[in-house]
Every structure is written in C-alpha cells, then in structure tokens.
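# Architecture at a glance
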Amino acid sequence: MPMQVDLNSDMGESFGPWTMGDDRALLDVVTSANIACGFHAGDPDVMARTMRQAADKGVGIGAHPGFHDLQGFGRRRINLSAEELGNMVAYQLGAAQGIARSLGTQVRHLKLHGALSNMATDDPAIARACYQAALRVDPQIIIVALAGTRMEAVARELGATVAAEIFADRAYEDDASLVDRSKPGAVLHDPAQAAGRMIAMLRDGAIHTLGGKRIPCRIDTICVHGDTAEAVAMATALRRDLEQGGIAVRRFG
C-alpha cells in the first residue's frame, strides 16, 4: 500500500450568481483542485476566485476542460474532429494559465471533465488529440488520467508526466471505466463506505469493480466530486481515514 496519495476535487463550477458546491470548505481538505475553465461550468471571476483560494491554501491548481455545454454540465457527448478537440483543450488550458499567472500562481495539471473524459477513456484517438494539444501548450503539464485505462496508456505513450486517478464516489466497470451515471449504484453517497473502499483499493493496488473484479494499477490521486451535497463530508472522512491508516495525503508531483 502506498505511503502517500493525493486527494483531488473538481471545483470552480459556479457561474455568476449561481453556486455549485462548497469550494472553500473542500480546499481545507483536498491537496489538488481541478478548476472548470468556462466551457462546461465556471466563468473568469469564479476561476480567479477559486484559484486564489487554492493558492492561499497551498492546493495544487489544475485545468479541468470539458465540452462547451453549460446547460448539460459537460456530461453530454459531442462528436468533434481531432482538430476541434485539440483546439478546445488548448483554449481552455490557455485561459486557465492566463488567470493563474495574473494571480502569481501556476497551473500544474490537467484533467478532462465529464463526457469528454468518458469518451477519451473509450477512444484512444480522442485522448491523444486532447493530450497532444495540452502538451503543445505546456510540455511540463501533469496529466491526470483514469487509472488502468487506455487514456492513461496514451498519456504515458506521449511521454507526459501522469497522475493515475481513482474515484472515491463512483463505481467501476470491469474495463476500469466509470459506471454510467444512469445505472444503479454508479454514484456512492455514503462517506464511510467510500472511504473504506478507497483504503481497500490502495491496500490491493487495484481498482475494485462493480462486478467483483480486481484491476491492478498505479494510484497517485483520489477524486471526490465537488458538486454533490455530501462532497465535503466525503472528502473529510476519506482524508481522516487515510491519515489514520498511516497514509500521508500530499499533492502529486
């Protein structure tokens, strides 16, 4: 079992006066923040506020690009060409870098959001288009990729620094992909259950699937989604249980 692991959360997903999640509370718990870049959620003011808070807390800042789909929260699949995918990712990463630099901080990592991430998991060509574009913008960017999947393999083939990720609040299919949110049991809501499950995966060095399979993998970071009502409670319980189990919670890289 690893002696340390990163704890990340998707945030910066509010828009104007509309609030999504409790970012300020989560930033007291997590070590890395994946901040929406204005396409699936967020706006320039939200990005700046969230990045400033993250920097003040010593939390690693990441760009979280997704499809241009505010109404669908980036969870609807959109078919784009490789060039369009690359431009979409480069645009959002560039926006995140611009805001970060204006605040005297930096974007350390990149993690695809929602349907874009799911499609990149299914199709290596999509992963390649997204990651190549990100690496052209910043060759040193750390790619956060789903552990044990083809998207992780693509990132490593491209020579990127990779942080392999598992999810505390999502169930897994037998191919290491996430169970579709429309299916029963896809999303976990009980903090104690989620924490125990993560300890077991770290202990085994493997993803535990809904079908009972064990998929050996490297685990660098654990994600708790920031848009659920129980996000703060889940992240807090997870960090407490990890540290009580002798596992340090520190940002990757």
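My aim in this report is to walk through the structure given alongside it, one point at a time. (Residues numbered from 1 in each chain as written. Predicted model: local features only at pLDDT ≥ 70, side-chain atom pairs only at ≥ 80, totals over all residues. Heavy atoms only, no water.)

## A word on the overall build of the protein chain
- Helix and strand content of the protein chain: eight helices and 10 strands.
- The C-alpha atoms of the protein chain give 17 Å as radius of gyration, which agrees with the globular expectation for 253 residues (18 Å, within 12%).
- Seen through its principal axes, the protein chain has C-alpha atoms that stretch 40 × 35 × 35 Å.
- Residues classed as buried in the protein chain amount to 56% of the 253 residues present. (Helix = DSSP H or I, 4+ residues; strand = E, 2+ residues; numbered from the N terminus. Rg over C-alpha atoms; globule rule 2.2 N^0.38 Å. Buried < 20%, exposed > 50% of the residue type's maximum accessible area, 1.4 Å probe, protein only.)

## Points about the side chain of aspartate 169
- Looking at where aspartate 169 falls in the secondary structure, it is placed in the loop between strand E6 (161-167) and helix H7 (191-204).
- Buried charge without a partner: aspartate 169 forms no salt bridge, and the closest opposite charge is arginine 170, 5.9 Å away.
- In this structure the side chain of aspartate 169 is engaged in a polar contact, spanning 2.9 Å, whose partner is the backbone nitrogen of histidine 225. (Lys, Arg positive; Asp, Glu negative; His and termini not counted. Salt bridge = Lys/Arg side-chain N within 4 Å of Asp/Glu carboxyl O. Polar contact = N/O pair within 3.5 Å; in protein donor to acceptor, adjacent residues only side chain to side chain.)

## Points about the pattern of salt bridges
- Tallied over the entire structure, the rule returns 13 salt bridges.
- Across the salt bridge formed by lysine 183 and glutamate 173, the nearest N and O atoms sit 3.1 Å from each other. Taken together, the positions of lysine 183 in the loop between E6 and H7 and glutamate 173 in the loop between E6 and H7 put the pair 10 residues apart, joining distant regions of the chain.
- Judged by relative accessible area, which is 43%, lysine 183 ranks as partly exposed.
- Judged by its relative accessible area of 25%, glutamate 173 is partly exposed.
- A salt bridge links aspartate 220 to arginine 218, with the shortest nitrogen-to-oxygen separation between them at 2.8 Å.
- Each of Asp10, Lys111 and Glu165 takes part in salt bridges that share partners, so that together they form one network.

## Details of helix H3 (residues 82-102)
- A rise of 1.5 Å per residue sets the reference length of H3, with its 21 residues, at 30 Å; its end C-alpha atoms lie 30 Å apart and thus fit the reference within 8%.
- Of the residues making up H3, those classed as buried are Leu85, Gly86, Met88, Val89, Gln92, Leu93, Ala96, Gln97, Ile99 and Ala100.
- Turning to H3, the residues buried within the fold contact helix H2 (44-57), strand E3 (60-64), strand E4 (109-110), helix H4 (114-122) and helix H5 (124-137).
- The first or second residue beyond H3 is glycine 104, which carries a positive phi of 80 degrees. (Expected span 1.5 Å × (residues − 1). Contact = heavy atoms within 4.5 Å.)

## Overview of the environment of glycine 58
- Position of glycine 58 among the secondary structure elements: in the loop between H2 and E3.
- Judged by its relative accessible area of 46%, glycine 58 falls in the partly exposed class.
- For glycine 58 and threonine 31, which are 27 residues apart along the polypeptide, the C-alpha to C-alpha distance reads 7.6 Å.

## Quick notes on the packing of H4 against H5
- Orientation of H4 relative to H5, taken along the N-to-C sense of each, is 120 degrees, at an axis distance of 5 Å. Taken as axis vectors, H4 and H5 run oblique relative to one another. Between H4, through Leu116, Met119, Ala120 and Asp122, and H5, the contact on the second element is made entirely by Pro124, Ile126, Ala127 and Cys130.
- The class makeup of the residues in the contact of H4 with H5 is seven nonpolar, no polar and one charged. (Axes fitted to C-alpha atoms, helices over the stretch in contact; angles between N-to-C directions. Parallel < 35°, antiparallel > 145°, perpendicular 65-115°, else oblique. Nonpolar A, V, L, I, M, F, W, Y, C, P; charged D, E, K, R; others polar.)

## Some words on H2
- End to end, H2 covers 20 Å across 14 residues, agreeing with the expected 20 Å (1.5 Å per residue, within 8%).
- Where the residues of H2 are buried, they touch strand E1 (4-11), helix H1 (23-26), strand E2 (32-36), E3 and H3.
- Structurally, the start of H2 carries an N-cap: the backbone nitrogen of aspartate 45 is 3.0 Å from a side-chain oxygen of aspartate 43.
- Phi turns positive, to about 75 degrees, at glycine 58, one or two residues after H2.

## A word on the nonpolar core
- Core analysis: the biggest nonpolar cluster contains 76 residues, and Leu110, Tyr131 and Ile222 have the highest contact counts within it.
- In this structure, isoleucine 222 is in contact with Val5, Asp6, Leu7, Asn8, Ile166, Ala168, Met198, Leu202, Leu238 and Leu242, ignoring residues within four places of it in sequence. (Core = buried A, V, L, I, M, F, W, Y, C linked by side-chain atoms within 4.5 Å.)

## Thoughts on the pairing of strand E9 (residues 221-225)
- Of all five residues in E9, five are buried, a share of seventy percent or more.
- The alternating pattern of E9 places Thr221, Cys223 and His225 on one face and Ile222 and Val224 on the opposite face, and all of these are buried.
- Judged from the five bridges that link them, E1 and E9 form a sheet pairing that is parallel. Paired with serine 9 across the bridge in E9 is valine 224.
- In this structure, E6 lies alongside E9, joined through three bridges in parallel fashion. Counted as the bridge partner of isoleucine 166 is isoleucine 222 from E9. (Pairing = 2+ DSSP bridges.)

## Points about the environment of glutamine 71
- Residue placement: glutamine 71 occurs in the loop between E3 and H3.
- In this structure glutamine 71 comes out as exposed when scored by relative accessible area, which is 76%.

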